[in-house]
Amino acid sequence: MHRTPRRHPRRTRRALGLALAAVLLTAGTAACGGSGGSGNAPASADTGTGTGPKQGVVLDNPFDKPELVLTDTDGETYDLVEETEGHPTLIYFGYTRCPDVCPLTMSNIAVAKSKLPEAEQERLRVVFVTSDPERDTPESLGEWLRAQDPDFIGLTGDFEKIQTGARSLGISLEPPVEDENGDIVSSHGTQVLAFLPKDDRAHVLYTEDVPVETYEKDLPALAQGKLP
């Protein structure tokens, strides 16, 4: 009698997790109204916070924090590495005129953050880096973010700098372009990256389809500098 080899469940879950992470990490950008690009990033990760695409992915090879020096919503120079050093930090690349994904992503984070104890809210840094800096001025970016959470940090500046910083996180942003109808088509990231204060590296990746419940579940641990 021929017997089908029995698969080891742990190894099977591990293989599925690595396959999922590879897909997520090469789908780093979406364009509203146009085609998106793909990111280049290490494909080694473990779905430590769940095995489905609506959970966070714990990275085996964490990302370094990008060395971005941009302009914040007060018009002041903001050094991302220095200003967020030693703080649990979430970073997302998007733009304010995005009709759906960007505002929903930030809203989900804001709702989850609001449920943290006050001390943990103060430790947490949430950074929104615009992918459409020509239209997202410090003033307009600040107004948009204040509607989400007044403590969210908004950064704008030179697109090439932003593009380079995003690329270091596996996110390939394309410059905004004008389509045949005269509309501006901008791209945004499909990932929120969570950096832990112990080494200021991104250890957890969330995709755009992650629901508010996942952030509510994970933020308490992340705000304390722990893996969820």
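Throughout, a residue's number is its position along its own chain's written sequence, starting from 1. Only residues with pLDDT of at least 70 are given local features in this predicted model, and only at 80 or more are side-chain atom pairs given and counted; all residues enter the totals for whole chains, interfaces and linings. Side-chain measures here rest on the full set of heavy atoms in the structure, leaving out hydrogens and waters.

**Observations concerning the overall build of the chain**
Alright, step 1. Counting its regular elements, the chain contains seven helices and 12 strands.
Alright, step 2. We call a residue buried when its accessible area falls under 20% of the maximum for its residue type, exposed when it is over 50%, and partly exposed in between, using a 1.4 Å probe and counting protein chains only. For the chain, buried positions account for 48% of its 228 residues.
Alright, step 3. Only the protein chains shown count as cover for residues, and all accessible areas are computed by the Shrake-Rupley method using a 1.4 Å probe. Only carbon and sulfur atoms are counted for the fraction: they give 47% of the accessible area of the chain, which is about 11,200 Å². In DSSP terms, a helix is any run of H or I states spanning at least four residues, a strand is any run of E spanning at least two, and both are numbered starting from the N terminus.

**Quick notes on unusual backbone geometry**
Alright, step 1. Although it is not a glycine, D200 sits at a positive phi angle of roughly 55°.
Alright, step 2. Examined against the element boundaries, D200 turns out to sit in the loop between β11 (191–196) and β12 (201–207).
Alright, step 3. Since its relative accessible area comes to 17%, D200 is described here as buried.

**Digging into the pattern of salt bridges**
Alright, step 1. Any Lys or Arg side-chain nitrogen located within 4 Å of an Asp or Glu carboxyl oxygen qualifies as a salt bridge. Taken as a whole, this structure holds seven salt bridges when the rule is applied.
Alright, step 2. With its nearest N and O atoms 2.9 Å apart, the salt bridge here joins R201 to D64. Residue R201 is located in strand β12, and its partner D64 is located in strand β3 (residues 57–64); the two are separated by 137 residues in the primary sequence.
Alright, step 3. Judged by relative accessible area, which is 29%, R201 ranks as partly exposed.
Alright, step 4. Between K217 and D218 there is a salt bridge; the shortest N-O distance is 2.8 Å.

**Quick notes on the environment of E160**
Alright, step 1. Mapped onto the elements, E160 comes out in helix α6 (residues 159–167).
Alright, step 2. Taking the relative accessible area as the measure of exposure, E160 reaches 57% and is therefore exposed.
Alright, step 3. Between the C-alpha atoms of E160 and P175, which are 15 residues apart in sequence, the distance is 8.6 Å.

**What about the confidence of the model for the chain?**
Alright, step 1. Across the chain, each position has a pLDDT score giving the predictor's confidence in that residue, from 0 to 100. Overall, the predicted model of the chain reaches an average pLDDT of 82, with 75% of residues at or above 70.
Alright, step 2. Should any heavy atoms of two residues lie within 4.5 Å, those residues are considered in contact. Of the regions scoring below 50 in pLDDT, residues 1–27 engages in 35 contacts with residues more than four places distant in sequence or in other chains.
Alright, step 3. The low-confidence segment residues 33–53 (pLDDT under 50) makes 64 contacts with residues lying over four places distant or belonging to another chain.

**Some details on the packing of aromatic side chains**
Alright, step 1. Centres within 6.5 Å make a pair out of two Phe, Tyr or Trp rings, where for Trp the six-membered ring is used; the pair is then stacked when the planes are under 30 degrees apart, edge-to-face when over 60, and tilted otherwise. Under the criterion given, the structure shown has three aromatic pairs.
Alright, step 2. Ring geometry for F128 versus W144: centroids 5.0 Å apart, planes at 45°, classification tilted. On the criterion of sequence distance, the pair formed by F128 in strand β7 (residues 125–130) and W144 in helix α5 (residues 138–146) is long-range, its members being 16 residues apart.
Alright, step 3. Taken together, a centroid distance of 5.1 Å and an interplanar angle of 45° make the contact between Y206 and Y215 tilted. As far as burial versus exposure is concerned, Y206 and Y215 are alike and both buried.
Alright, step 4. Through a chain of ring-to-ring contacts, three or more aromatic side chains come together here, namely Y92, F128 and W144.

**A few points about the nonpolar core**
Alright, step 1. Take the buried Ala, Val, Leu, Ile, Met, Phe, Trp, Tyr and Cys residues and link them wherever side-chain atoms come within 4.5 Å; each set so joined is a nonpolar core. In terms of nonpolar packing, the biggest core is built from 29 residues, with L90, M106, I109, F128, Y206 and L222 touching the most fellow members.
Alright, step 2. Among the elements that line this core, the one with the most residues is helix α3 (residues 101–114), at six residues.
Alright, step 3. Here L222 is in contact with P88, L90, A194, L196, V204, Y206 and P228, once residues within four sequence places are set aside.

**As for the layout of surface pockets**
The probe, sized like a water molecule, is rolled over the atoms to show the empty space still left.
Alright, step 1. Cavity and pocket criteria rest on a 1 Å grid covering protein atoms alone: a 1.4 Å probe that fits but cannot get out defines a cavity, protein on both sides within 12 Å along at least 5 of 7 lines defines an open pocket, and an atom within 4 Å of a point defines a lining residue. Grid points are joined across faces, edges and corners, and a volume is the space filled by probe spheres set on the points. Estimates place the volume of the largest pocket at around 160 Å³.
Alright, step 2. Residue lining of the largest pocket: D72, T73, D74, Y78, G142, L145, R146, D149, P150, D151, F152 and I153, and that is the complete set.
Alright, step 3. In terms of residue count, the dominant contributor to the lining of the largest pocket is α5 (three residues).
Alright, step 4. When residue character is reported, Ala, Val, Leu, Ile, Met, Phe, Trp, Tyr, Cys and Pro are called nonpolar, Asp, Glu, Lys and Arg charged, and the others, Gly included, polar. Looking at the lining of the largest pocket residue by residue, the class counts come to five nonpolar, two polar and five charged.

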